[in-house]
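Commentary on secondary and tertiary structure
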Amino acid sequence: MLRFAANLSMMYNEYGFLNRFAAAAKDGFEGVEFLFPYDYQVGEIKRRLEDNGLTQALFNAPPGAWEAGERGIASLPGREAEFKQTIEQALSYATILGSKSLHVMAGLIRPEQQRAQHRDVYVSNLAYAAKQAQSAGITIVIEPINTRNIPGFFLNRQDEAQVICKEVGATNLKVQFDCYHCQIVEGDVSVKLKRDIAGIGHIQIAGVPDRHEPDVGEVHYPYLFHVMQDIGYQGWIGCEYIPAAGTSAGLGWLRTLADQGVTILRPR
């Protein structure tokens, strides 16, 4: 049974952020994810989740100076103390919201910087984050991201992410497998899903190349959903896409999955 979570940073932008929870629940979603909760009182977000019967599937740890262009600090030398503070803050939110997954963004690397040094910092910081999260039953996930959307992002490939997780050796450190990013960087998405399923902690979807609904573009998602179902994926599937028009109007792909032999949670 596949479980889909609405990404409230990209979907339901017809509403203010706190009103998107009710809109997602009305359309039949039982889970939500978003980028960052830190501009809002955690208690208010919790109330929106509870009032609408929603599960918090995932959100990101603080990414550094987002408005200034930073996209995570986990691999940035000299920012280790700040990273530890962001993990403390993120785990506090995750515990209150009941989120069992927390995404830690790697950050950017410039061409003149030493990749090996960034990697060493990244591995050390991930080990710290996983250790801090373990007692709360929270899984840290890392995401390979394509450099078309985020030029200079440190982590780009699925195999590299899996190697880093194995190197850290924490049972609660896994890969966030975004089919959109994987298709742009590598392709061969279904083979990688099958190959890496044991190390995948969260999946995200979007149409390629324009990041709209998953029934538009070059990726045949009905096949991938069958693959996810067949390999026994039990986690959430985050709908991290930008609706081409209205969010609810674009959910035809989700409403017809049952007709295609895909079993989903609470279809409407």
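A brief report on the enclosed structure follows.

Procedures and definitions
- Residues numbered from 1 in each chain as written.
- Predicted model: local features only at pLDDT ≥ 70, side-chain atom pairs only at ≥ 80, totals over all residues.
- Heavy atoms only, no water.
- Helix = DSSP H or I, 4+ residues; strand = E, 2+ residues; numbered from the N terminus.
- Rg over C-alpha atoms; globule rule 2.2 N^0.38 Å.
- Buried < 20%, exposed > 50% of the residue type's maximum accessible area, 1.4 Å probe, protein only.
- Contact = heavy atoms within 4.5 Å.
- 1 Å grid on protein atoms, 1.4 Å probe; cavity = no way out; pocket = protein on both sides within 12 Å on 5 of 7 lines; lining within 4 Å.
- Points joined across faces, edges and corners; volume = space filled by probe spheres on them.
- Nonpolar A, V, L, I, M, F, W, Y, C, P; charged D, E, K, R; others polar.
- Core = buried A, V, L, I, M, F, W, Y, C linked by side-chain atoms within 4.5 Å.
- Pairing = 2+ DSSP bridges.
- Axes fitted to C-alpha atoms, helices over the stretch in contact; angles between N-to-C directions.
- Right-handed = clockwise from strand over helix to strand, strands pointing away.
- Parallel < 35°, antiparallel > 145°, perpendicular 65-115°, else oblique.
- Left-handed = near helix turned anticlockwise from the far one by under 90°.
- Polar contact = N/O pair within 3.5 Å; in protein donor to acceptor, adjacent residues only side chain to side chain.

Attention shifts here to the overall build of the protein. Across its full length, the protein carries 9 helices and 8 strands. For the protein, whose C-alpha radius of gyration is 18 Å, the value lies close to the compact-globule estimate of 18 Å for 268 residues. The C-alpha extent of the protein, read off along each of the three principal axes, is 50 × 40 × 35 Å. The buried share of the protein, taken over its 268 residues, is 54%. Partitioning the intrachain contacts of the protein with sequence separation of at least 6 by distance along the chain shows that 76% fall at a separation of at least 24.

Before going further, it helps to examine empty space enclosed by the protein. All chains considered together, the criterion is met by 2 cavities of 30 Å³ or more. Computed from the structure, the second largest cavity encloses a volume of approximately 50 Å³. If you trace the second largest cavity, you find it lined by Ala-61, Pro-62, Pro-63, Gly-72, Ile-73, Ala-74, Phe-83, Thr-86, Ile-87, Val-104 and Met-105. Taken together, the residues of the lining of the second largest cavity sort by class into 9 nonpolar, 2 polar and no charged.

All right, on to the layout of surface pockets then. Taken as a whole, the largest pocket encloses approximately 320 Å³ of empty space. Leu-35, Phe-36, Tyr-38, Asp-39 and Trp-66 are the residues nearest the centre of the largest pocket, which is lined by 14 residues in total. The biggest single contributor to the lining of the second largest pocket is strand β3 (residues 55–60), with 3 residues. In the lining of the second largest pocket, the residues fall into 9 nonpolar, 7 polar and 5 charged.

Let's shift gears to the nonpolar core. Among the nonpolar cores identified, the biggest contains 85 residues, and Phe-4, Ile-205 and Met-228 are the most heavily contacted of them. Broken down by element, this core gets its largest block of residues, 7 residues, from helix α3 (residues 80–97). Those residues within four positions of Phe-4 in sequence are excluded, and the remaining contacts are Phe-29, Glu-30, Gly-31, Ile-205, Phe-225, Trp-236, Ile-237, Cys-239, Trp-253, Leu-254, Leu-257 and Ile-264.

This next bit is on the environment of Ala-94. Among the structural elements, Ala-94 can be located in helix α3. With a relative accessible area of 1%, Ala-94 lands in the buried category. For the pair Ala-94 and Asn-60, spaced 34 residues apart in sequence, the C-alpha to C-alpha distance is 9.7 Å.

This brings us to the sheet that holds strand β1 (residues 3–7). What the 8 strands build is a closed barrel, ordered β1-β2-β3-β4-β5-β6-β7-β8; its pairing is parallel. Each neighbouring strand pair of the sheet contributes to a mean axis angle of 30°, computed without reference to strand direction. Taken together, the 3 bridges between strand β4 (residues 101–103) and strand β5 (residues 139–142) define a ladder with parallel strand orientation. Each bridged residue has a counterpart across the sheet, and for His-103 the counterpart in β5 is Val-141. Here helix α4 (residues 115–134) sits on the sheet in contact with β5 and β6 (173–178), set at roughly 155° to β5.

On to the pairing of strand β7 (residues 200–205). Most of β7 is tucked away: 5 of the 6 residues are buried. Two strands pair when backbone bridges link them, and β6 and β7 are joined in this way by 4 bridges, in the parallel orientation. Bridge pairing in β7 links Gln-176 to His-202. Regarding topology, helix α8 (residues 221–230) serves as the crossover connection from β7 to the parallel strand β8 (residues 236–239), and that connection is right-handed.

Okay, the packing of α3 against α4 next. α4 packs onto α3 with a crossing angle of 30° between their chain directions and a minimal axis gap of 10 Å. The orientation of α3 relative to α4 falls into the category roughly parallel. The handedness of the crossing between α3 and α4 is right-handed. Facing Glu-80, Phe-83, Lys-84, Ile-87 and Leu-91 of α3, the residues of α4 in contact are Val-121, Asn-125, Tyr-128, Ala-129, Gln-132 and Ala-133. Looking at side-chain class alone, the contact of α3 with α4 contains 7 nonpolar, 2 polar and 2 charged residues.

With that settled, the discussion passes to the side chain of Asn-7. Positionally, Asn-7 belongs in strand β1. Given the relative accessible area of 2%, Asn-7 is considered buried. Side-chain polar atoms of Asn-7 contact the side chain of Glu-33, separated by 2.8 Å.

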